[in-house]
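Residues per chain are reported as follows:
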Amino acid sequence: MSAALLLLLVGMAAWSDMRTVATARRLVSETADEAALAAARNADGIRTTVRHVIESRAESRLQADVKSGILRGDTFVEQSQGGNIVRVTVSGQAVLPFGAFVGYKYWPVAATAMARRTGVVGLAIKGMAAPGNDAIAGAIEQALFGNGVHLDIDDRRVLSQVSIALPDLVSRLEAAETADAPPDLDQILRTRFGPGKVLTAAADQLAAQANLSAFDAAAVAALRRLAEHGAQPGTEVELGSIFGFASGLKASEVGFPQELLSIRAIDLVGGLLRAILAEAPVSVTVVNPLDGIDLVDLDLSTAKSAEGTVAALVASEGSTIATAPMRIAARVKVRGIAIADAVEFTLPVEVRLSAGDAVVRTIQCDGKGSDITVDGRPVRASLAIFKPADSEADGAADSKYVPLIATDTVIAWGQGSESFADDPPITIVFPTAASGPTMRSLRAPIDLRNRLGKLAGDADIVVTFKRPQPDMTESGVRADLAQAINDKADGLNEIFSSAFATFGVKPGQMDLSVSGVSCATSQLVD
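Residues numbered from 1 in each chain as written. Predicted model: local features only at pLDDT ≥ 70, side-chain atom pairs only at ≥ 80, totals over all residues. Heavy atoms only, no water.

Grouped together as the largest cluster of nonpolar side chains are 125 residues, with contacts concentrated most on L159, L169 and L512. Take this core: its biggest share by element is 9 residues, from helix α10 (residues 265–279). Discounting residues that sit within four places of it in the chain, L159 has contacts with L151, A219, A222, L223, R264, A265, I266 and V269. Judged by nonpolar contacts, the second largest core, of 24 residues, contains A32, A35, A38 and V109. (Core = buried A, V, L, I, M, F, W, Y, C linked by side-chain atoms within 4.5 Å. Buried < 20%, exposed > 50% of the residue type's maximum accessible area, 1.4 Å probe, protein only. Helix = DSSP H or I, 4+ residues; strand = E, 2+ residues; numbered from the N terminus. Contact = heavy atoms within 4.5 Å.)

Dropping the structure here:
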């Protein structure tokens, strides 16, 4: 046998044994990962769980060393109780077919994996207080739910006292969708329903309770009244735009227990209103909503639901729940002024809300219970004098200016804007040891009335006289007009605040509720 051939055979044998070792290393690494993940999910029987994983590898002779503890920085510290980290070291031996000829029949292989128990949490955005102006709220509700529909203060009170279990709601909608083979939950959340069907299913769920309280009965009546109209004809919303699962989570994998996700009936209504508005902008007109304000035209719009912009969410670590950005543009006809020969003027003001959001940072699951840490930013706002689409800027110094007053003697245009600085994220912790939902609030207060007054004072107003007016000056007209706007700041604040409150939104605040947590999942720790 030539030396070259012998060298080739030795090389092939060595390569074969190297592949055997690599395969064995991959086996113990995968087994360690699987065992650590399984043990972390079953904190009460980690050693038994690891043994079952090892035994499932029938082709291997593996051993495992199992410890539980915590991480301090990057260091694992063993603890006999209360630890949320499981460390599993799996070891074995690779059998070398050719290595036996040179005295190396077995090659030791080992791998260590750490995993921690975590879970999923039911998060819901809790609506704010009832709108202060009933006329504004009623006009918006009728535009979105249909004529004749309006929630009064008693309706809102009872709907805020009862909860809807979303899994049961989904089951009822599944049954309504098909009586044969209902689609799975992930599919049903992608299905579009008329709002009336969703409200009817919610009402049926409450009505089916064994001991129907007076509050429940009143809530059922309010939901059925809304369901009779159920938005404009042809309007449908995707169920997943109201509630659902965070990206990467599937109902079939994490389950959907009744206690994990529920929301108040009023928050379901708010979520439906936001979902309907996301389908198409809406305009409403309110006559005499406040003393001194003859007419308000409101144009409302919101962004299409993006990931996490829902009323309720099953979330894992890293998931985000948020409110969609919203815009309300108001053209307010104000009377009772005495500027030149004008007795009224129209003020176009818009308020834009940024998306309030909350990110689940940690779901801490250990023997002492579970804590959820959330970083979030409340809804922020900006406001401006805006230019309506049908506005004429004839004679204005700049196309950004909009006409405020136009009489036989004087014309005035204005522009201006105010915004609130972004605040750093706020960290809040939800301890879930207490029974029932836990509510926390993200707050960075916004004084919308103060900013409306500041908008009046800082507005850039241009005045032009059609003919000389010896008893008037440009500065005098500007000051009078700015004062007239400032005088209506309280009314404007009530109009905008009521409009946002109809959708359960309040600038500078976002209330979150944790309805439940399930510590049945785990993840590897680097």
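Now that the structure is up, let's keep going.
Positionally, I46 belongs in helix α2 (residues 46–56). Judged by relative accessible area, I46 falls into the buried class, the value being 8%. In this structure, the C-alpha to C-alpha distance between I46 and V66, residues 20 residues apart in sequence, is 7.7 Å. Discounting chain neighbours no more than four positions away, the residues touching I46 are A39, V66, S68 and V86.

This part is about the packing of helix α7 (residues 195–207) against helix α8 (residues 214–229). The contact between α7 and α8 brings their axes to 8 Å, and the two run at 160°. As far as their axial angle goes, α8 and α7 are roughly antiparallel. Crossing of α7 against α8: the hand is left-handed. For the pair formed by α7 and α8, the contact residues are G196, L199, T200, A202, A203, D204, L206 and A207 on the first element and A219, V220, L223, R224, L226 and A227 on the second. Looking at the contact of α7 with α8, its residues break down into 10 nonpolar, 2 polar and 2 charged. (Axes fitted to C-alpha atoms, helices over the stretch in contact; angles between N-to-C directions. Parallel < 35°, antiparallel > 145°, perpendicular 65-115°, else oblique. Left-handed = near helix turned anticlockwise from the far one by under 90°. Nonpolar A, V, L, I, M, F, W, Y, C, P; charged D, E, K, R; others polar.)

Attention shifts here to the pattern of salt bridges. Inspection of the entire model under this criterion finds 18 salt bridges. Taking the shortest distance from any N to any O, the salt bridge between K454 and E418 comes out at 3.6 Å. Placement of K454 in helix α11 (residues 448–458) and of E418 in strand β20 (residues 410–419) is noted, with a sequence separation of 36 residues between them. By sharing partners, the salt bridges in this structure join E418, R451, K454 and D458 into a single network. (Salt bridge = Lys/Arg side-chain N within 4 Å of Asp/Glu carboxyl O.)

This part covers α11. Every α-helix winds through 3.6 residues per turn, so residues three or four apart in the chain are directed the same way. Residues of α11 that are buried include every one of L448, L452, G453, L455 and A456, and no others. Around the axis of α11, the buried residues are gathered within 155° of arc, so they sit on the same side. The inward-facing, buried residues of α11 abut β15 (342–353), β18 (381–385), β20, α12 (474–487) and α13 (489–502). (Arc of directions from axis to C-beta.)

With that settled, consider the packing of α11 against α12. Packed helices, taken two at a time, are described by the angle between their axes plus the distance between the axes. As a packed pair, α11 and α12 sit with axes 8 Å apart at the nearest point and diverge in direction by 170°. The angle between the axes of α11 and α12 places the two elements in the roughly antiparallel class. Residues R449, G453 and A456 of α11 form the contact with α12, whose own contacting residues are A482, I485 and N486.

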